[in-house]
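# Remarks on the overall topology
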2 protein chains.
Amino acid sequence: MPRIGAEPIRKAALINATIFEIGRAGSLNVTVAQIARRAGMSPALAHHYFGSKEQMFLSAMRYILRNYGRSVSETLPGRGQRGRLNAIVRASFAPQNFQRETVSAWVNFYALALINPEARRLLRVYHRRLRSNLVIALRPLSDDPGRVAETVGALIDGVYLRAVLIPGGVDAQAAEKLILDYLDEALT
Amino acid sequence: MPRIGAEPIRKAALINATIFEIGRAGSLNVTVAQIARRAGMSPALAHHYFGSKEQMFLSAMRYILRNYGRSVSETLPGRGQRGRLNAIVRASFAPQNFQRETVSAWVNFYALALINPEARRLLRVYHRRLRSNLVIALRPLSDDPGRVAETVGALIDGVYLRAVLIPGGVDAQAAEKLILDYLDEALT
DNA sequence: TGTTCTTGATTGGTCGATCAATTAAAGATA
DNA sequence: TATCTTTAATTGATCGACCAATCAAGAACA
């Protein structure tokens, strides 16, 4: 059984399973055993690789945030002016970032950030980066880029939060439009 | 000890303690024993009055939402036109609704709504009522009251969400201004 | 007396974490 | 090649702690 070089594969499997299980349960109340079983290994092995459940959660959160950050910066280059702005907003509602499990995990990570300093730090890094991206894109378009960036950031989070509560799936189209419409009227 | 007619007093104490402990812990992972101790009674008595921990949580959530709804409708009458709108927004950031413990509990109730149908129902009622209030106030001011109401709703939630993550307390003033500024530019 | 209030004690169950033991690959030695 | 050594991978079993919920019984009031 033991193939050498299993660590990165196992860790990746565990991170995926963590996000999936948290999303599925809609809560951080998932057991290490559940996650490990989903990832096809024993609970002991999960502990072996991550040391603790907390570290698994934080790694999963890092993964989500890194993914989001990547999908933002990937869609950035090119597209002058307003195009950059639209790209940032659109990335937030791209299928990979806006799937029910992911958004559900996202909400729970916000709750985790209330009690875990490292989780809070990660979230603040994401906030800063998003804000910075928005400000740069807004600079040539608005006379108060800071305020508009803040508003868009809050709007994205708010729309995410409400999206998971809608029973019949999530309408990324409508969510995206709400924010783009705001930008239309904010950028006179 | 046993005074007659203790039930409503005990229940109120437990609901307060529930919100306080959830806010303090920043998580729904509070024990019935913690809550009961905070409310000055034994865990068994808490079960006696509420039947289960879940019912305690739901009652606490109802209490928060009722409180919020009341503080909105109290500030409503009078003030023609734009005044009603400002009042609704201002109520969201009134001290009683925007204290750290309350907002922290609020975020966790959102997470609870992901897994508990009754919690989800309560939250949807709050969404509908807020939206309805906003639409009525917006009707004479905007040619698309529905969209603006949706945006303000998401904005309030987003600002709440971000407020709890700021280390040095919450700036209700700034939060309020962000939303009022949005309204200024949305209502040409 | 009967009803309401109240709690200590207990039960049944869950879960994170640890550890000793097993398996197998990689590398060294001769 | 055959054998030994080292190291990584993996798990079953178990420990210790925590906790929601129940119950029987006591205490105070009408």
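Note that the structure is a prediction, hence the values are computed from the model and not measured. (Residues numbered from 1 in each chain as written. Chains lettered and ligands numbered in written order. Predicted model: local features only at pLDDT ≥ 70, side-chain atom pairs only at ≥ 80, totals over all residues. Heavy atoms only, no water.)

## Description of the overall build of chain A
Keep this limit in mind: Helix and strand assignments follow DSSP, with helices taken as H or I runs no shorter than four residues and strands as E runs no shorter than two, numbered in order from the N terminus. Throughout this description, buried means an accessible area under 20% of the type-specific maximum (1.4 Å probe, protein chains only), exposed means over 50%, and partly exposed covers the range between. Throughout, a residue-residue contact means that at least one pair of heavy atoms, one from each residue, lies within 4.5 Å. Note that His is not counted, nor are the chain ends; the positive residues are Lys and Arg, and the negative ones are Asp and Glu. For this purpose, a charge sits on NZ of Lys, CZ of Arg, CG of Asp or CD of Glu.
If you tally the helices and strands in chain A, you get nine helices and zero strands. Mapped from its N terminus to its C terminus, chain A presents α and β elements in the order α-α-α-α-α-α-α-α-α. C-alpha extents for chain A along the principal axes are approximately 60 × 35 × 30 Å. For chain A, the residues scored as buried account for 53% of the 188 residues in total. Of all intrachain contacts in chain A linking residues separated by at least 6 positions in sequence, the fraction that spans at least 24 positions is 66%. Each charge class in chain A can be summarised by its mean position, and for the 25 positive and 15 negative side chains these summaries are 8 Å apart.

## Here's the deal with the packing of aromatic side chains
Keep this limit in mind: Stacked, edge-to-face and tilted labels apply to pairs of Phe, Tyr and Trp rings (six-membered ring for Trp) whose centres lie within 6.5 Å, assigned for plane angles under 30 degrees, over 60, and everything in between, in that order. The rule is short: NZ of Lys or CZ of Arg within 6 Å of the ring centre and within 35 degrees of the ring normal puts a charge over the ring.
Throughout the structure, instances matching the rule amount to 15 aromatic pairs over all chains. Summarising the aromatic geometry, the rings of A:Tyr68 and A:Trp106 are spaced 5.8 Å apart at their centres and angled 65° between planes, so their arrangement reads as edge-to-face. Of this pair, A:Tyr68 sits in helix α4 (residues 53-74) while A:Trp106 sits in helix α6 (residues 100-113), and the two are 38 residues apart along the sequence. Neither residue differs from the other here; A:Tyr68 and A:Trp106 are each classed as buried. When the ring of A:Trp106 is compared with that of A:Tyr126, the centres are 5.3 Å apart and the planes differ by 90°; the resulting orientation is edge-to-face. Placement of the pair is A:Trp106 in helix α6 and A:Tyr126 in helix α7 (residues 117-138), with a sequence separation of 20 residues. Taken as a pair, A:Trp106 and A:Tyr126 share a single burial class, namely buried. Linked through ring pairs, A:Tyr68, A:Phe93, A:Phe98, A:Trp106, A:Tyr126 and A:Tyr160 together constitute an aromatic cluster. Residue placement shows B:Lys11 over the ring face of B:Phe50; its charged tip is 5.3 Å from the ring centre.

## Re the relation of the copies chain A and chain B
Let me state the cut-off plainly: To superpose the copies, least squares is applied to the C-alpha atoms of every residue with a pLDDT of at least 70 in both.
By a simple turn and slide, chain A fits onto chain B: the slide is 0.0 Å along the axis, the RMSD is 0.0 Å, and the turn is 180°. Here the copies are linked by what is in effect a two-fold axis. Taking C-alpha positions as reference, the residue of chain A nearest the rotation axis is A:Gly158, located at 1.9 Å. A share of 100% of interface residues in chain A that are also interface residues in chain B marks the association as one of identical surfaces.

## A few points about the nonpolar core
Defined as follows: Each nonpolar core is a collection of buried residues, namely Ala, Val, Leu, Ile, Met, Phe, Trp, Tyr and Cys, held together in the definition by side-chain atoms within 4.5 Å.
The biggest cluster of nonpolar side chains holds 138 residues, and the ones touching the most others in it are A:Phe109, A:Leu183 and B:Leu183. Not counting residues within four places of it along the chain, the set of residues in contact with B:Leu183 comprises B:Arg82, B:Leu85, B:Val89, B:Leu138, B:Val148 and B:Val152.

## Quick word on the UniProt feature "domain: HTH tetR-type" (unreviewed entry) in chain A
The following threshold applies: UniProt positions are given in the numbering used here, feature names are shortened, and annotations may be inferred rather than shown by experiment.
In this numbering, the UniProt entry assigns the feature "domain: HTH tetR-type" (unreviewed entry) to residues 8-68 of chain A. When the span residues 8-68 of chain A is considered, its composition is 80% helix and 0% strand, and the gap between its end C-alpha atoms is 21 Å.

## A look at the packing of helix α1 (residues 7-25) of chain B against helix α6 (residues 100-113) of chain B
All names here are of chain B. The test is simple: Lines fitted to C-alpha atoms define the axes here, with helix axes fitted over just the stretch in contact, and angles between the N-to-C directions of these axes take values from 0 to 180 degrees. Angles are sorted into four bins: roughly parallel if under 35 degrees, roughly antiparallel if over 145, roughly perpendicular if 65 to 115, and oblique for all others. Residues are grouped as follows: nonpolar covers Ala, Val, Leu, Ile, Met, Phe, Trp, Tyr, Cys and Pro; charged covers Asp, Glu, Lys and Arg; every other residue, Gly included, is treated as polar.
Across the interface, α1 lies against α6 with an axial gap of 7 Å and an inter-helix angle of 85°. The angle between the axes of α1 and α6 places the two elements in the roughly perpendicular class. Packed against α1, whose contacting residues are Ile-19, Phe-20, Ile-22, Gly-23 and Arg-24, the element α6 presents Glu-101, Ser-104, Ala-105, Asn-108 and Phe-109 at the interface. Of the residues in the contact of α1 with α6, the class split is five nonpolar, three polar and two charged.

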